[in-house]
Amino acid sequence: MSEGYTPEEVPLYRDLDTRDEQYERAQESAEPFFAVEQYEEGYAITYDLLPAGFQLAEPARQELDERLTSAVEAVVADTDRPTAEVSRTVGDSLGNVSFFSREESAREVAAVVSTVVLDETNWVTGQPPDVTGPDTRRND
């Protein structure tokens, strides 16, 4: 796997069907899912390392959090860019940053995120969710 994307290389999915197809492809090929997704509200960055069976080591997750904070602050501080409230969830295997008003801003931040998330030297074996609890698919 690469050690990140340039902003122009970041995969962009403009509809949910395409996104779902690519996510299934990632699962089938045991590769991470990484993309910018377009919604009515704007653009979101999503990563998921679990299809590849990995998660970020704790130092890498902390580094990602720091780099992401700096990148988002730079976008928000730029008076030439329209911004909306940006929320983020940064986990060791799954993360989401949304919503950006402009595709360009989402791609720039996604490129920063990808340098940490897609660098295999930052990965450790993934831990599946705790399955010892009640089956959440059943209504007992």
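Preceding this section is the structure that the text describes.
As the structure is a prediction and not an experimental result, all values here were calculated from the model. (Residues numbered from 1 in each chain as written. Predicted model: local features only at pLDDT ≥ 70, side-chain atom pairs only at ≥ 80, totals over all residues. Heavy atoms only, no water.)

Q: An account of unusual backbone geometry is needed here, citing residue identities and associated values.
A: Residue Phe 99 is bonded to the preceding Ser 98 through a cis peptide linkage, with omega at -10 degrees. Note on placement: Phe 99 falls in strand 6 (residues 94–100). Positive phi values are uncommon outside glycine, yet Ala 30 reaches one of about 55 degrees. Residue placement: Ala 30 occurs in the loop between helix 1 (16–28) and strand 2 (33–39). (Helix = DSSP H or I, 4+ residues; strand = E, 2+ residues; numbered from the N terminus.)

Q: Give me the side chain of Arg 107: which residues, what numbers.
A: By the element assignment, Arg 107 lies in helix 3 (residues 103–117). By relative accessible area, which is 15% here, Arg 107 ends up buried. Separated by 3.4 Å, the side chain of Arg 107 and the backbone oxygen of Glu 8 make a polar contact. The residues touching Arg 107, leaving out its near neighbours within four places in the chain, are Pro 7, Glu 8, Glu 9, Val 10, Leu 12 and Val 36. (Buried < 20%, exposed > 50% of the residue type's maximum accessible area, 1.4 Å probe, protein only. Polar contact = N/O pair within 3.5 Å; in protein donor to acceptor, adjacent residues only side chain to side chain. Contact = heavy atoms within 4.5 Å.)

Q: Talk me through the nonpolar core; I want residue IDs and the actual numbers.
A: With 26 residues, the main nonpolar core has Phe 34, Val 109 and Val 117 as its most contacted residues. Ignoring anything within four residues of it in the chain, the contact list for Phe 34 reads Tyr 5, Val 10, Pro 11, Ile 45, Thr 46, Tyr 47, Ala 110, Val 113, Ser 114, Val 117 and Leu 118. (Core = buried A, V, L, I, M, F, W, Y, C linked by side-chain atoms within 4.5 Å.)

Q: Can you explain the layout of surface pockets? Please cite residues and give values.
A: Here the largest pocket is characterised by a volume of approximately 180 Å³. As for the largest pocket, its lining consists of 13 residues, of which Ala 26, Glu 31, Pro 32, Phe 33 and Phe 34 are closest to the centre. Of all the secondary structure elements, the ones that give two or more residues to the lining of the largest pocket are helix 1 and strand 2. It is helix 1 that contributes the most residues to the lining of the largest pocket, three residues altogether. Considered class by class, the residues forming the lining of the largest pocket number nine nonpolar, two polar and two charged. (1 Å grid on protein atoms, 1.4 Å probe; cavity = no way out; pocket = protein on both sides within 12 Å on 5 of 7 lines; lining within 4 Å. Points joined across faces, edges and corners; volume = space filled by probe spheres on them. Nonpolar A, V, L, I, M, F, W, Y, C, P; charged D, E, K, R; others polar.)

Q: So what about helix 1? Which residues, and what values?
A: Along an α-helix, residues three or four apart share an orientation, since each turn contains 3.6 residues. The end-to-end C-alpha distance of helix 1, which contains 13 residues, comes to 18 Å, matching closely the 18 Å that a straight helix rising 1.5 Å per residue would cover. Capping the start of helix 1, Asp 15 holds a side-chain oxygen 3.2 Å from the backbone nitrogen of Asp 17, two or three residues further along. Of the residues trailing helix 1, Ala 30 is marked for its positive phi of about 55 degrees. (Expected span 1.5 Å × (residues − 1).)

Q: Please provide a residue-by-residue account of the pattern of salt bridges, values included.
A: One pass over the structure, following the stated rule, counts eight salt bridges. Across the salt bridge formed by Arg 19 and Glu 37, the nearest N and O atoms sit 2.9 Å from each other. Separated by 18 residues along the polypeptide, Arg 19 in helix 1 and Glu 37 in strand 2 bring together distant segments of the chain. Residue Arg 107 pairs with Glu 103 through a salt bridge whose shortest N-O separation is 2.8 Å. Residue Arg 107 and its partner Glu 103 are both found in helix 3; the two are separated by four residues, about one turn of the helix. According to the relative accessible area criterion, Glu 103 is partly exposed, its value standing at 22%. Beyond isolated ion pairs, a larger network of salt bridges with shared partners links Arg 14, Glu 103 and Arg 107. (Salt bridge = Lys/Arg side-chain N within 4 Å of Asp/Glu carboxyl O.)

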